Amino acid sequence: MASVTIEKVVKRYGSLDVVHGIDVDIRDGEFVVLVGPSGCGKSTLLRMIAGLEEISGGTISIGDRVVNDLPPKSRDISMVFQNYALYPHMTVEENMAFSMTLAGASKEEKARKVREAAEILGLVPLLARKPKALSGGQRQRVAMGRSIVRNPQVFLFDEPLSNLDAKLRVQMRGEIKSLHRRLGTTMVYVTHDQIEAMTMADRIVVMQKGIIEQIGTPLELYDRPQNAFVAQFIGSPA
Ligand code: ADP
Ligand code: MG
């Protein structure tokens, strides 16, 4: 597990400022949700933590390491995407083991780690299936399994549930939270859905137009919104 410290982080695309000097302290083992309207910079911030985007200013640390200049694979993070593209010609087991295959892990180690992750995610009966024989929720679980086998210090999620129907979305929220309880790993979760934020977060970071409007627990934001934007965003139904 590791903390994630974001200090005065800026992102510019050419002359366009999309993240304006943001500070967030994410604690070891915390489940933090970044929420805000489409285009406010959530994915950009997450991708900077992951190392998929260069930062234009400021510092990002994971644990006690400044990671600004480290490539994604050296950051001990794992990102779960909305488009959880699985390899169609591989089984669930092979999909989950693939990053370990690339890293040269032994057959035994791969089998053990895949088994552990599959047990956590309820995928044991599905290990021999191909992705096309899975439901949307099962595919999402395989995508999470691919992250778990890598033992990351920090999980990053970018709107992982937005392709699922409403019922499945509710179920998967619960599953991701129980994964968090089980692993205790720091998780940073991006959504534009305030219900998702309110039901899942230890703390919520409310963003708008590249700045942070407020950081707090769901109850703090609900009881004491700092401004009209937060009140409206948190209080209005989805
Ligand atoms: P969110 O995830 O909150 O919807 P993003 O982080 O994807 O928002 O985008 C924030 C802003 O940055 C948007 O205005 C978007 O158009 C802009 N943006 C994102 N990626 C790029 C890029 N590669 N080049 C230029 N502008 C970008
Ligand atoms: Mg986004």
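Rules used in this analysis
- Residues numbered from 1 in each chain as written.
- Chains lettered and ligands numbered in written order.
- Predicted model: local features only at pLDDT ≥ 70, side-chain atom pairs only at ≥ 80, totals over all residues.
- UniProt positions renumbered as here; feature names shortened; annotations may be inferred.
- Helix = DSSP H or I, 4+ residues; strand = E, 2+ residues; numbered from the N terminus.
- Rg over C-alpha atoms; globule rule 2.2 N^0.38 Å.
- Contact = placed C-beta atoms within 7 Å.
- Pairing = 2+ DSSP bridges.
- Axes fitted to C-alpha atoms, helices over the stretch in contact; angles between N-to-C directions.
- Core = buried A, V, L, I, M, F, W, Y, C linked by C-beta atoms within 7 Å.
- Buried ≥ 20, exposed ≤ 12 C-beta atoms within 10 Å, placed from the backbone.
- pLDDT = per-residue confidence, 0-100.
- Near = placed C-beta within 6 Å.
- Nonpolar A, V, L, I, M, F, W, Y, C, P; charged D, E, K, R; others polar.
- Arc of directions from axis to C-beta.

In the nomenclature of an unreviewed UniProt entry, the protein is known as Sugar ABC transporter ATP-binding protein of Xaviernesmea oryzae. Within the UniProt record for the protein, the comment given under Subcellular location (unreviewed entry) is "Cell inner membrane".

Visitor: Tell me what's going on with the overall build of the protein, and back it up with residues and numbers.
Guide: Counting its regular elements, the protein contains eight helices and 10 strands. Taken over the C-alpha trace, the protein has a radius of gyration of 18 Å; the compact-globule value for 238 residues is 18 Å, and the two agree within 12%. Taking the principal axes of its C-alpha atoms as reference, the protein extends roughly 50 × 40 × 30 Å. Partitioning the intrachain contacts of the protein with sequence separation of at least 6 by distance along the chain shows that 67% fall at a separation of at least 24.

Visitor: Give me the lowdown on the environment of lysine 107, citing residues and values where you can.
Guide: Relative to the elements of secondary structure, lysine 107 occurs in helix 3 (residues 107-121). Along the chain, lysine 107 and alanine 97 lie 10 residues apart, while their C-alpha atoms are 9.4 Å from each other.

Visitor: Residue-level account of the sheet that holds strand 9 (residues 203-208), with values.
Guide: One open sheet holds the six strands; their spatial order is 6-7-8-3-9-10, and the pairing between them is mixed. One side of each edge strand has no neighbouring strand; the edge strands of this open sheet are strand 6 (77-80) and strand 10 (211-216). For this sheet, the mean angle separating the axes of adjacent strands, direction not counted, is 15°. Pairing analysis gives five bridges linking strand 7 (residues 154-158) to strand 8 (residues 186-191), with the strands arranged parallel. From the neighbouring strand, phenylalanine 155 faces strand 8, where its bridge partner is methionine 187.

Visitor: Describe in detail the nonpolar core, supporting the description with residues and values.
Guide: It is characteristic of soluble globular proteins that their nonpolar side chains tend to be buried jointly. One finds Val33, Leu34, Ile49, Leu156 and Val188 to be the most contacted residues of the largest nonpolar core, which totals 60 residues. The biggest single contributor to this core is strand 3 (residues 31-35), with five residues. Filtering out sequence-adjacent residues up to four positions away, leucine 34 remains in contact with Lys42, Leu45, Leu46, Val188, Val190, Val205 and Met207.

Visitor: Break down the confidence of the model for the protein for me, with residues and values.
Guide: Low pLDDT marks regions whose predicted coordinates should not be analysed in detail. When the pLDDT values of the protein are averaged, the result is 93; 98% of them are 70 or greater. For this predicted complex, the interface score ipTM comes out at 0.98, while the overall pTM is 0.92.

Visitor: Pulling in residues and values, what's your account of the site of ligand 1?
Guide: The local shell around ligand 1 consists of Tyr13, Leu16, Val18, Gly36, Ser38, Gly39, Cys40, Gly41, Lys42, Ser43 and Thr44. Of all elements in the fold, only strand 2 (16-26) and helix 1 (42-50) reach the threshold of two or more residues within the shell around ligand 1. Looking at the shell around ligand 1, the element that brings in the most residues is helix 1, giving three residues. Tallied by class, residues from the shell around ligand 1 come to four nonpolar, six polar and one charged.

Visitor: Give me the lowdown on the pairing of strand 10, citing residues and values where you can.
Guide: Pairing geometry for strand 9 and strand 10, over five bridges, is antiparallel. Looking at the pairing, isoleucine 204 lines up with glycine 216 of strand 10. The hairpin formed by strand 9 and strand 10 contains two residues between the paired strands, and lysine 209 there has a positive phi angle of roughly 50°.

Visitor: I'd like a rundown of the sheet that holds strand 1 (residues 4-13), residues and numbers included.
Guide: Reading across the sheet, the four strands line up as 2-1-4-5 and stay open at both edges, with antiparallel pairing between neighbours. Each edge of the open sheet is held by one strand with a lone partner, namely strand 2 and strand 5 (65-66). Two strands pair when backbone bridges link them, and strand 4 (residues 57-62) and strand 5 are joined in this way by two bridges, in the antiparallel orientation. Residue isoleucine 62 lies in a different strand from strand 5, and its bridge partner there is arginine 65.

Visitor: Break down unusual backbone geometry for me, with residues and values.
Guide: Positive phi is not limited to glycine here, since lysine 8 has a value of about 50°. The residue lysine 8 is located in strand 1 in this model. On the basis of neighbour count, lysine 8 is assigned to the exposed category, with 12 C-beta atoms found within 10 Å. Backbone geometry at glutamate 159 places phi at a positive 45°, although glycine is not the residue there.

Visitor: Please set out the pairing of strand 9 residue by residue, giving values where relevant.
Guide: Two elements, strand 3 and strand 9, share four bridges in a ladder whose sense is parallel. From the neighbouring strand, valine 33 faces strand 9, where its bridge partner is isoleucine 204.

Visitor: Go over helix 1 with me, naming the residues and quoting the values.
Guide: By the burial criterion, the buried members of helix 1 are Lys42, Leu45, Leu46, Met48 and Ile49. Buried residues of helix 1 fall within an arc of 160° about the axis and therefore sit on the same side.

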